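Topology and contacts: notes
Residues per chain, in single letters:
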2 protein chains.
Amino acid sequence: MRAPWVTYRPELKVLDCTVRDGGLINDHQFDNAFVRAVYRACIDAGIDYMEIGYKNSKKIFSRDRFGAWKHSDEDDIRRAIGEKDPSVKLCAMADATKSDYHEDILPRDQSVLDVIRVAMYVNQIPTAVDMIKDAHDKGYEVTANLMAVSVVQEPELDEALEALAATPAATIVVVDSFGALYAEQIEILVRKYRKAIEGTGKEVGIHAHNNQQLAFANTIEAIIHGANRADATMGGLGRGAGNCPMELLLGFLRNPKFHLRPVYQFLQEQVAPLHKTMQWGALVPYNITGQLNQHPRAAIGFLAGEDGDKCLDFYDRCLREE
Amino acid sequence: MRAPWVTYRPELKVLDCTVRDGGLINDHQFDNAFVRAVYRACIDAGIDYMEIGYKNSKKIFSRDRFGAWKHSDEDDIRRAIGEKDPSVKLCAMADATKSDYHEDILPRDQSVLDVIRVAMYVNQIPTAVDMIKDAHDKGYEVTANLMAVSVVQEPELDEALEALAATPAATIVVVDSFGALYAEQIEILVRKYRKAIEGTGKEVGIHAHNNQQLAFANTIEAIIHGANRADATMGGLGRGAGNCPMELLLGFLRNPKFHLRPVYQFLQEQVAPLHKTMQWGALVPYNITGQLNQHPRAAIGFLAGEDGDKCLDFYDRCLREE
C-alpha cells in the first residue's frame, strides 16, 4: 500500500484566479484594496501565479459599466498591487473574439504582466491560435484554455488539441466551465491532453467549477493523472457555483513552499464580508445545471429572482426547456 | 475510451440518513411532519433504505433533552410515518456502549424496523460484534459501521475487519467521520474492505462527510471501486459539514428506479426553511478539522460562538492545540 499524497511534486504550480473569475459576479468592480489583498495573500502563501483580470475589449465591455479588471490596464494594475514581487507571476485572460489583443496587449517589456491566458470555445480555435502567437511573440508565457470541454465532441477536441499543441502555448488547460464532469471524465481528459502535448514540453492544467461540489475533487483527480497547473480561488469565489477553493487545494498539496495561514487570513478579512453582498457556491440550482451539462446562466438568473430558493420550480423549468 | 457512468449497477442501493445524521444538529427534535416528508420523499425517489434515528439509551440520552429520533421507539416511528411502504426498508442505528440494545431493540416481528446499523469505534469491536449478533438473531438485516476510520491504524483495522467479516452483518461500511479522506485513500479502504469480506456475500458501504467538500466525490470513488451501499442525506443535512447530498448522488446514478424530482420537492418544502435555524455545510472551520483529521466538535463549537466567521483565529487555535 503506497501513500503518494504524503509527499509532493515540485513541478506542480498553483494559479489564483480570484479576481478574474470572482469578478464575473460583480462586473470586475473589485476595489484596489481587495486586489492588493489577494496579491499579498498569493505572495505570502507561495502561490505561483495570480490572474488579475481580463484583457477584453473596451468596445464590448465599456468602462462605464465594467470595473478595471475587465481590461486590466497597466496603470490600474500597478496602482492596485504597488511594487511588484517577482515570486508571483501576474496573468491576465483574453477571450477569443472579445479581446482587441493586437492593440491592448503590450509587448511584455512594457507590461507588468507575465502571462496571457487565452480562453476560447472550440469554434474559436483559429482566432485563439493567432492570439497565442501574438502574445508569445510579444514575450509572454501563454496558456490555452479551451472552455466548456464537457460539450465538445471528441473529433473536434482531438483537432483542437492538435492545433493548440502546435502553438507556443506553455500550458493547455482542461476547463470544466459547467462543473459537469465526474472524476472518471477528468481522468480521460487529462490523459488525452497529456498525450496531445507529448514531447512538446508543455504542461496540462485544470480549471474546475463547483456546480456539483466536485471542483476540489476533480482538481485532485487531474493532479493525480499528471496535471501540473491547477487553478483555484480564495474561498472558491467565482461565478455561479464558484471554483476550486484555494484553502482546500493548498491543504491537500504538501509542498512546503505553500502556506495556508495567509489564505485563511484573506478569507477572514476579505471574503467573510463579501458573503453579505455576493452569492456563490454549490447551491442546488447549480447542481441541476451541472448535472444537465448546461451553462449556469439560467441558475444565476433564477437565484437572483424572488423565488431563488424554490429549487423544484427551477428543476421543472430546466426539464421543460431541455 | 469507455464511459461506464452512462449505464448503472442494479445492485447498488442507497440509504437516506437525513433524520439520523441531521438529528445530531438538533438533538433529534425533528417533528413528525418533517420525518414523514423524508419518508415520502424516499418512497417517491426510489431510495432503498431510510434511517430514521438511533436506538440509543434513554439513560444516557434522556427523553427530556432529546427528541424521539434518539430512541426511535416503535410508537413514535409508526406515528410519524403512517402506513408502512414495503419499498423502503426502515433502519435505526445503535451506538456501541450507548445502546441498551438487549432491551430496546425488539424482535423484528414486533418492530416496524427492518435494519439495525451498529456503529462502533475500533476499540468497541467486541461490543459491536455482540450487538450485530443480537440484532441478527432478532431477525434484522444488520450493518457494521466502523467510525472514524481515518484515525484507525492499519493492523487494528485488519483485525477489526476480520472480526466483522465473521459476524452476520450484511454490510460493512467505510465511515469517514471526520471528512478527512481523499479519493486515493477511499480507493485503498474500499479495496481492503472488499478483500476482507470476499466470499461472505457481504457488501461494502460508504458513509462520507463533507468537511473538505469531498463527500459526494468520495462516495462516487467508493462506488467506482465496488461499494454497493451508499449513504446520503437530503440537502447534505448532517452534523457539522454534513453528508453526501442525496440530490447529487441520485443525479450521478443512472438506475431509472431513482427519481430526482421528489428530492428537489423535499429540498424546496422542507430543507430551504431549515437553513434559517440550522447550520451545516463545508464551512472553512470544517475544512480545517478535515485537513487535520480531527473530529469536527471544535469547529462546531467555534461556529456557534460570536466569532464564528473568523476562520484564521480558528486555524491558529487548531495549530496551537495540535
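Residues numbered from 1 in each chain as written. Chains lettered and ligands numbered in written order. Predicted model: local features only at pLDDT ≥ 70, side-chain atom pairs only at ≥ 80, totals over all residues. Heavy atoms only, no water.

1. Some thoughts on the sheet that holds strand E5 (residues 141–146) of chain A
Neighbouring strands of a sheet are bound in pairs by backbone hydrogen bonds; such pairs are parallel or else antiparallel. Residues and elements named next belong to chain A. Put simply, the rule reads: Pairing between two strands is assigned when DSSP locates at least 2 bridges connecting them. Numbering goes from the N terminus for both helices and strands, where a helix is a DSSP run of H or I of at least four residues and a strand is a run of E of at least two. Here an axis means a line fitted to C-alpha atoms, over the contact stretch when the element is a helix, while the angle between two N-to-C directions is reported on a 0 to 180 degree scale. Any two residues whose heavy atoms approach within 4.5 Å are treated as being in contact.
Sheet architecture is closed into a barrel: 8 strands sit in the order E1-E2-E3-E4-E5-E6-E7-E8, paired in parallel fashion. This sheet shows a mean twist of 25° between the axes of neighbouring strands, independent of strand direction. Across 5 bridges, the pairing between strand E2 (residues 49–54) and strand E3 (residues 89–95) is parallel. Bridged to tyrosine 54 within E3 is methionine 93. Running over the sheet, helix H5 (residues 125–137) touches E3, strand E4 (115–120) and E5 and is turned about 175° from E4.

2. A few points about the pattern of salt bridges
If charged atoms from side chains of opposite charge come close, those side chains can pair. Formally: What makes a salt bridge here is a side-chain nitrogen of Lys or Arg within 4 Å of a carboxyl oxygen of Asp or Glu, nothing more. Exposed residues in this analysis have more than 50% of their type's maximum accessible area, buried residues have under 20%, and partly exposed residues fall in between, with area computed by a 1.4 Å probe over protein chains only.
This model, assessed by the stated rule, comprises 47 salt bridges over all chains. Between Asp76(A) and Arg63(A) there is a salt bridge, with its nearest N and O atoms 3.0 Å apart. Of this pair, Asp76(A) sits in helix H3 (residues 74–81) while Arg63(A) sits in the loop between E2 and H3, placing them 13 residues apart in sequence. Given a relative accessible area of 42%, Arg63(A) falls into the partly exposed group. Here Asp134(B) makes a salt bridge to Lys138(B), at a shortest N to O gap of 2.8 Å. One exposure class covers both Asp134(B) and Lys138(B), and it is buried. Beyond isolated ion pairs, a larger network of salt bridges with shared partners links Arg20(A), Asp21(A), Glu51(A), Arg117(A) and Asp231(A).

3. Overview of the relation of the copies chain A and chain B
Under the convention used in this document: A least-squares fit on C-alpha atoms brings the copies together, and the residues used are those whose pLDDT is at least 70 in both copies.
At an RMSD of 0.0 Å, chain A and chain B line up after a rotation of 180° and a shift of 0.0 Å along the axis. Such values leave the two copies arranged in the relation of a two-fold axis. Counting the interface residues of chain A, we find that 100% of their copies in chain B are interface residues as well, pointing to one common contact surface.

4. Some thoughts on the pairing of E2(A)
All names here are of chain A. Cut-off, in case you're wondering: For a crossover, the right-handed case is the one in which the path from the first strand over the helix to the second runs clockwise, viewed with the strands pointing away from the viewer.
Most of E2 sits out of view: 6 of its 6 residues are buried. As judged from the 2 bridges shared by strand E1 (residues 13–16) and E2, these two strands associate in the parallel manner. Across the sheet, residue aspartate 16 finds its bridge partner in E2, namely methionine 50. Between the parallel pair E2 and E3, the chain is carried across by H3, and the sense of this crossover is right-handed.

5. As for the interface of chain A and chain B
One frequently used descriptor of interface size is the decrease in accessible area upon assembly of the parts. Quick note on the threshold: Accessible-area loss on putting two parts together, using a 1.4 Å probe and summing over both, is the definition of buried area adopted here. Throughout, the ten residues Ala, Val, Leu, Ile, Met, Phe, Trp, Tyr, Cys and Pro are labelled nonpolar, Asp, Glu, Lys and Arg are labelled charged, and all others, Gly among them, are labelled polar.
Contact with chain A, which involves 42 residues of that partner, is made by 42 residues of chain B. In total, about 4000 Å² of surface goes out of reach between chain A and chain B, with carbon and sulfur atoms giving 64% of it. Among the residues of chain A in contact with chain B, Glu184(A), Tyr264(A) and Gln268(A) are the three that bury the most area, contributing 16% of the side total. In this assembly, chain A and chain B are joined by 2 salt bridges. For Asp316(A), the salt bridge is made with Arg261(B), and the minimal N-O distance between the two is 2.6 Å. Broken down by element, the residue count for the side of chain A that touches chain B peaks at 6 residues, all from helix H10 (residues 261–274) of chain A. Of the residues contributing to the side of chain A that touches chain B, the split by class is 22 nonpolar, 9 polar and 11 charged.

6. Considerations on the sheet that holds strand E4 (residues 115–120) of chain B
All names here are of chain B. Around the barrel, which closes on itself, the 8 strands sit in the order E1-E2-E3-E4-E5-E6-E7-E8 with parallel pairing between neighbours. Here the strands of the sheet are splayed against their neighbours by 25° on average, with no regard to which way each runs. Along the sheet, helix H8 (residues 215–224) makes contact with strand E6 (171–176), strand E7 (203–208) and strand E8 (229–232), crossing E7 at roughly 170°.

7. Remarks on helix H13 (residues 311–321) of chain B
Taken together, the buried positions of H13(B) are Cys311(B), Leu312(B), Phe314(B), Tyr315(B), Asp316(B) and Cys318(B). Looking at the packing, one finds that the buried side of H13(B) touches H10 of chain A together with helix H11 (284–291) and helix H12 (297–304) of chain B.

8. Quick look at the side chain of Thr143(A)
All names here are of chain A. As a reminder, the rule being used: Pairs of N or O atoms within 3.5 Å make up the polar contacts considered here, provided that, within protein, one atom can donate a hydrogen while the other can accept it, and that residues adjacent in sequence are counted only when both atoms are side-chain atoms.
Mapped onto the elements of the fold, threonine 143 is located in strand E5. Its relative accessible area of 6% is what places threonine 143 among the buried residues. A polar contact of 2.7 Å, which involves the side chain of threonine 143, links it to the side chain of asparagine 145. Every residue in contact with threonine 143, bar those within four places of it in the chain, is listed here: Val115, Ile116, Arg117, Val118, Ala169 and Thr171.

9. Section: the confidence of the model for chain A
As a reminder, the rule being used: Think of pLDDT as the predictor's per-residue confidence, scored from 0 to 100.
Across chain A, the average pLDDT comes to 97, with 100% of residues at 70 or higher. ipTM for the predicted complex: 0.95, alongside a pTM of 0.96.

10. Remarks on the packing of helix H11 (residues 284–291) of chain A against helix H13 (residues 311–321) of chain A
Residues and elements named next belong to chain A. To be explicit about the condition: Should an angle lie under 35 degrees it is considered roughly parallel, over 145 roughly antiparallel, and from 65 to 115 roughly perpendicular; all remaining angles are considered oblique. Helix crossings fall into two classes, left-handed where the near helix is turned counterclockwise from the far one by less than a right angle and right-handed where it is turned clockwise.
Their axes nearest at 9 Å, the elements H11 and H13 cross at an angle of 20°. Considering the angle they form, H11 stands roughly parallel to H13. Crossing hand, H11 versus H13: right-handed. On H13, the residues touching Val284, Pro285, Ile288 and Thr289 of H11 are Cys311, Phe314, Tyr315 and Cys318. Class assignment for the residues of the contact of H11 with H13 results in 7 nonpolar, 1 polar and no charged.

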